[in-house]
Amino acid sequence: MADLSTTPPLTRASVQAAHALIAPHVHRTPVVTSQALTLLASTPRADLAGTRFADRAATPARPKLRLWFKCENLQRVGAFKARGAFHAVARLLSDDEEHGLPAHIVMPSVSAPAKVAATRGYGAHVVFSGSTAAEREVVAAEVVAATGARLVPPYDHPDIILGQGTMALELQEQVAEMMAPSKNPYRRVGGKTKTKTKTTLDAVMTPCGGGGMLAGVALACEGTGVRVFGAEPSFQGADDARRGFAAGARITEVSSRTVADGLRTPLGAHNWGVIYGRRLVKALYSVTEGEILAAMRLVFERMKMVVEPSACVPLAVALFDEDFRAMVEREAGEEGWDLGIVLSGGNVGTDALVKLFGDKEGMET
């Protein structure tokens, strides 16, 4: 990996430079909207009975949200991680070297078969490890020692952070173009015509596992007025970033088998510095397994898109988390918020889909 002393500073300008470097190698993924999901997000829940908010005396929140989805499920390799990887590798190579080097990818043995198959399909050699971050690091060190390879970490390095942040630059530009009065798909929502002209998002929410994407997006939005939020699963303590944020201390170990398998990792140290140390992320929220799968089903049925559970965690927050929804109602008022949501990946197989909805459908939402 590139020496930390030579990496660019963690700034919005560095994210812009990273985008120029990787643009020839990644897709400028589309931004799509959904009137159906926007109306659901902007409709108060009829009843909180049977939910994790059932003991609250308050009435259900009534936020006004307009949702804009950045489709990283359509990115190369089927996920946002191509951005950080291309940037990290490009920073390692000299100008006369080319990509196409042999790759050894360390993956947990419990990884989704679709992700393993896709990785091998790109020509990589897959090496399996245990499911925790510490176990993966041990195996990665063994691979480096045996092959002489350079380690490209999954999330906790400035080059990775800057590469991941490039998606937020695109998202802001694309939404600004789509918000033109003659084009804005949300100029009429709920039978009402919007009269106030806007050209920017109010907020962006991304999934958070190791935090490389969330930290990168936060850097890309610094100084723009766009608020940044993170979203995690709560199952078996997978919401380490949210808990650490609340306590003021990073949590370094996570052992969770949440259905959102891409978010089972603890927040990295560099990412913590951006997210909490510099306060570039406003808040983090967590959702249940049932809420994640309910959001995933809605993306399939209403948007006709293939996404993995991890990608649906931010949408689940927007739809089901009363704390987030009440905050939007208070801060946005009648005008409401234009909220960007990152659909982080689409690596899920049909067999997994059948099992997920067959086993989890009755879980609490």
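Thresholds applied
Residues numbered from 1 in each chain as written. Predicted model: local features only at pLDDT ≥ 70, side-chain atom pairs only at ≥ 80, totals over all residues. Heavy atoms only, no water. Domains from an automatic or database assignment. Contact = heavy atoms within 4.5 Å. Salt bridge = Lys/Arg side-chain N within 4 Å of Asp/Glu carboxyl O. Polar contact = N/O pair within 3.5 Å; in protein donor to acceptor, adjacent residues only side chain to side chain. Helix = DSSP H or I, 4+ residues; strand = E, 2+ residues; numbered from the N terminus. Nonpolar A, V, L, I, M, F, W, Y, C, P; charged D, E, K, R; others polar. Pairing = 2+ DSSP bridges. Axes fitted to C-alpha atoms, helices over the stretch in contact; angles between N-to-C directions. Core = buried A, V, L, I, M, F, W, Y, C linked by side-chain atoms within 4.5 Å. Buried < 20%, exposed > 50% of the residue type's maximum accessible area, 1.4 Å probe, protein only. Disulfide = S-S within 2.5 Å.

- In the annotation of an unreviewed UniProt entry, the protein chain is listed under the name Pyridoxal phosphate-dependent enzyme, beta subunit and assigned to Cordyceps fumosorosea.

### Side note on the domain arrangement of the protein chain
No. 1: Looking at the protein chain, the domain boundaries give domain 1 (4-79 + 159-357) and domain 2 (83-147).
No. 2: With centres defined by C-alpha atoms, the gap from domain 1 to domain 2 works out at 26 Å.
No. 3: Residue-level contacts link 35 residues of domain 1 with 18 residues of domain 2.
No. 4: The interface formed by domain 1 and domain 2 contains five salt bridges.
No. 5: As a salt-bridge pair, arginine 83 and glutamate 72 come within 2.8 Å of each other at their nearest N and O atoms.
No. 6: Summed over the shared surface of domain 1 and domain 2, the number is 11 residue pairs in polar contact (both at pLDDT 80 or more).
No. 7: Listed by contribution, the elements that provide at least two residues to the side of domain 1 that touches domain 2 are α1 (12-22) and α6 (158-178).
No. 8: Sorting elements by how many residues they give to the side of domain 1 that touches domain 2 places α6 first, with eight residues.
No. 9: Across the side of domain 1 that touches domain 2, the residue classes break down as 12 nonpolar, 14 polar and nine charged.

### Some thoughts on the sheet that holds strand β7 (residues 203-207)
No. 1: What the six strands build is an open sheet, ordered β1-β2-β10-β7-β8-β9; its pairing is mixed. Of all strands in the sheet, those bounded by a partner on one side alone are β1 (31-33) and β9 (283-287). Looking at each pair of strands side by side, their axes are set apart by 30 degrees on average, direction ignored.
No. 2: One ladder, built from three bridges, connects β7 with strand β10 (residues 337-343); its direction is parallel. Paired with valine 204 across the strands is glycine 340, a residue of β10.

### Describing the nonpolar core
No. 1: In this structure, Leu65, Leu67, Phe229, Met296, Leu315, Phe324 and Leu339 are the most contacted members of the largest nonpolar core, which totals 86 residues.
No. 2: Once residues lying within four places of it in the same chain are set aside, the contact partners of leucine 65 are Thr38, Ala41, Ser42, Ala318, Phe324, Val328, Trp337 and Leu339.

### Focus: helix α12 (residues 322-332)
No. 1: Of all the residues in α12, the buried ones are Glu322, Phe324, Arg325, Met327, Val328 and Ala332.
No. 2: Once α12 ends, the next one or two residues include glycine 333, with phi positive near 65 degrees.

### Examining the state of the cysteines
No. 1: Evaluated as defined, the whole model comprises zero disulfides.
No. 2: Among the cysteines around cysteine 208, which has no disulfide bond, cysteine 221 carries the closest sulfur, lying 15 Å off.
No. 3: Residue class for cysteine 208 comes out buried when judged on its relative accessible area of 1%.
No. 4: By relative accessible area, cysteine 221 is classed as buried at 3%.

### Examining unusual backbone geometry
No. 1: One non-glycine residue, valine 77, lies in the positive phi region at around 65 degrees.
No. 2: The topology assignment puts valine 77 in the loop between β2 (65-71) and α3 (81-92).
No. 3: The residue arginine 279 is not glycine, and still its phi comes out positive at about 55 degrees.
No. 4: By secondary structure assignment, the location of arginine 279 is in the loop between α9 (269-277) and β9.

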